[in-house]
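Fold and geometry: a report
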Amino acid sequence: MVKSQLSLIKHKALSLCLSALIGLGTFAPLSRAEAGVDPWAAAAQALGVYAAYKSTLSSILAIGNDPVAQVSCRRQDIRANGRDRNNHDRAVVDEVMEQLVSKGEYALRVNSLPFIWEVNNSNEFNAACYPTNYISVNRALVRGLQGDPDELAAVLAHEMIHGLRQHSAHNYAKAAAQYYGMAFLNIDMGLMDWNKLTGLADYSIAKNVTLPSEYEADEGGFYLMSSAGFNPGGGAAAMYRMGHYLTYETRNVMEYQDPDPKLLEQENFNDHPDTGLREKKLADLMTAYGAGHVTVWGRQDVCIDGERLLTVDWTGDEFDNTAENAYYTAGALAKAFHDYDTIEEWQFRSDSHGNITCLEETRVNRVLQEFLRKTGTGGLLQKMVAKAYRLEKATGARVKMKLAEARRSQDLQQEKAEAVSAKPKEVKKLRENGDVYSDLGMGKEALFQLNRSLSATNQENPAENYTMRGRAKAILGDYEGALADADKGVDLDDKNVYNFLNRADVHRMRGEREAALADCERAKAVDGKNAVTYLLMAQIYEEMADREKALENYKELHRRKPKAFRRIPEEYLQEISPKDYKTLQKEKEEAKKAKAEAEAEDKK
């Protein structure tokens, strides 16, 4: 069986209210210190601030590397907001996230988990990445962006960058340190009352901690979604659409964005940049991505090297989508300039109506091709592209673009190398997390983690890596690959009880119960005290309808691991330990009561 099986027996739902975890806003004001600053006291205060930062960071990073916490995040999100019942909403988010995860260029840190996601039923225009790399997507965001894949990709890639850079953990830790530091400052100097001090801390955190990470997520998200094959204009388009939604469509007063530019420019406590500013920055990134050739003027004119190619118009049914059309047209051009070194690769040709068009007929190029047809500017585009490539020889624009790309690639490869060269204990944690994912029935995530473990330079325990990967493959239905991995692991180390137990579970999932029991017997020969062996054997005998043998092994499990009684089915537990059976019934009643109270509270 799995090494983590009995460790999951008493896992409880984790409370991930991080403000409570780090104690934000709970520092009580203390009395003012005497005049003068004691150097030793000042040093102690500085160390206290640093300790608060390190302690908080360590705690949240540990949560972020726990699959059970990740699943708990998802469970709590859905419990609080409900699951979006619209199949199309979920399908488009799944498609976008799968493309980002599988085709995007990024590097997970060794203490980070693979991304999982869910679309909830919240009517707030938002998405969030938890420290566990669980991405929560609100239904209102999907609807607000009209289910547009490229705009969703921009937002979701932004959230992925938060996860990849571990922004939540670091920002919460910095916030804790700021509150702690300001509390000490007030003790020594007595500058202001506590409410004002808390407000100052909130403002400082929003502007100096959270805001910079939002800019970093916008930029990193742009390159991630572009590398995954989405339209590079999607980021600017999403910001325009977001600004429109928050100004004219939202029914949530807390989301409302005033259209008056003067009011927008006023200082506030917002920890996100203004959508107009974000739109401009993302449009500039799109221009740079296309070797500086493509720009959008006035949210409607698409230009190449400062000369207008065409003007787009409104094609939407419900709102003016001119700006989005401009960014998608420009984005397709920027992607082509980025991807192709010669004009021949653009595939200029005549379409069925005799108009000049170019590039492959894909979603990324659809808006460009539509407006080339409408405006009849395909021939002009061909001339402008030819001129642009000629100018590059003098300006060095392509060389500059490729140098910037090479620097980003080098940084990415360095991050990947650091993960591959992880320390043995970190590789062990990768394997253990994969094992937990298998326990949770999440075979895809388990396989991902175990492949990471097997690709590490420092193979801390390759035999267990193989047998555990075999179990993950079996969960996914790759039974042949599963047995091959499990056999290899046992061949590498036949003194490890868990190698036999993992292979036994592979045999069990293949329907080979006798072979599974044989491996359990071999496991007992290696370590007869291991309780997991008896749990697995009891479950197999249950499947074989051999109640006597099942009861015998459940009894042995209880004898060796009394606290594991929750793993024993009630019909057996009542006979094995009436006391524990009563405890279990009491827990079930308490859980049922708590659920009913929570549901009643939600209805208020």
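See the structure printed just above.
Our subject in this report is the structure included herewith. All values derive from a computational prediction rather than experimental measurement.

**Regarding the state of the cysteines**
Taken as a whole, this structure holds zero disulfides when the rule is applied. Among the cysteines around Cys129, which has no disulfide bond, Cys73 carries the closest sulfur, lying 9.5 Å off.

**Observations concerning the packing of aromatic side chains**
Here the structure, examined in full by the defined rule, presents nine aromatic pairs. Considering the side-chain rings of Phe222 and Tyr223, the 5.2 Å spacing of their centres and the 80° angle between planes classify their relative orientation as edge-to-face. Comparing Phe222 with Tyr223, the two get one shared label, buried. When the ring of Trp346 is compared with that of Phe348, the centres are 6.0 Å apart and the planes differ by 5°; the resulting orientation is stacked. The residues Trp346 and Phe348 share a single accessibility class, namely buried. Taken together, the ring pairs connect Phe337, Trp346, Phe348 and Tyr389 into an aromatic cluster. Here Arg241 stacks its cationic end above the ring of Phe319, 4.0 Å away from the centre of that ring.

**Topic: unusual backbone geometry**
Positive phi, close to 55°, is recorded for Gln166, a residue that is not glycine. When you line up the elements, Gln166 lands in the loop between helix H6 (149-164) and helix H7 (167-189). At Ala291, a residue that is not glycine, the phi angle is positive and equals roughly 60°.

**Quick look at empty space enclosed by the protein**
Per the counting criterion, the structure on display carries two cavities of 30 Å³ or more. Estimates place the volume of the largest cavity at around 100 Å³. Breaking the lining of the largest cavity down by element, the ones donating at least two residues are helix H2 (39-64), H6 and H7. Of the residues belonging to the lining of the largest cavity, the class tally is seven nonpolar, nine polar and no charged.

Calculation rules
Residues numbered from 1 in each chain as written. Predicted model: local features only at pLDDT ≥ 70, side-chain atom pairs only at ≥ 80, totals over all residues. Heavy atoms only, no water. Disulfide = S-S within 2.5 Å. Phe/Tyr/Trp six-rings, centres within 6.5 Å; stacked < 30°, edge-to-face > 60°. Buried < 20%, exposed > 50% of the residue type's maximum accessible area, 1.4 Å probe, protein only. Lys NZ or Arg CZ within 6 Å of the ring centre and 35° of its normal. Helix = DSSP H or I, 4+ residues; strand = E, 2+ residues; numbered from the N terminus. 1 Å grid on protein atoms, 1.4 Å probe; cavity = no way out; pocket = protein on both sides within 12 Å on 5 of 7 lines; lining within 4 Å. Points joined across faces, edges and corners; volume = space filled by probe spheres on them. Nonpolar A, V, L, I, M, F, W, Y, C, P; charged D, E, K, R; others polar.

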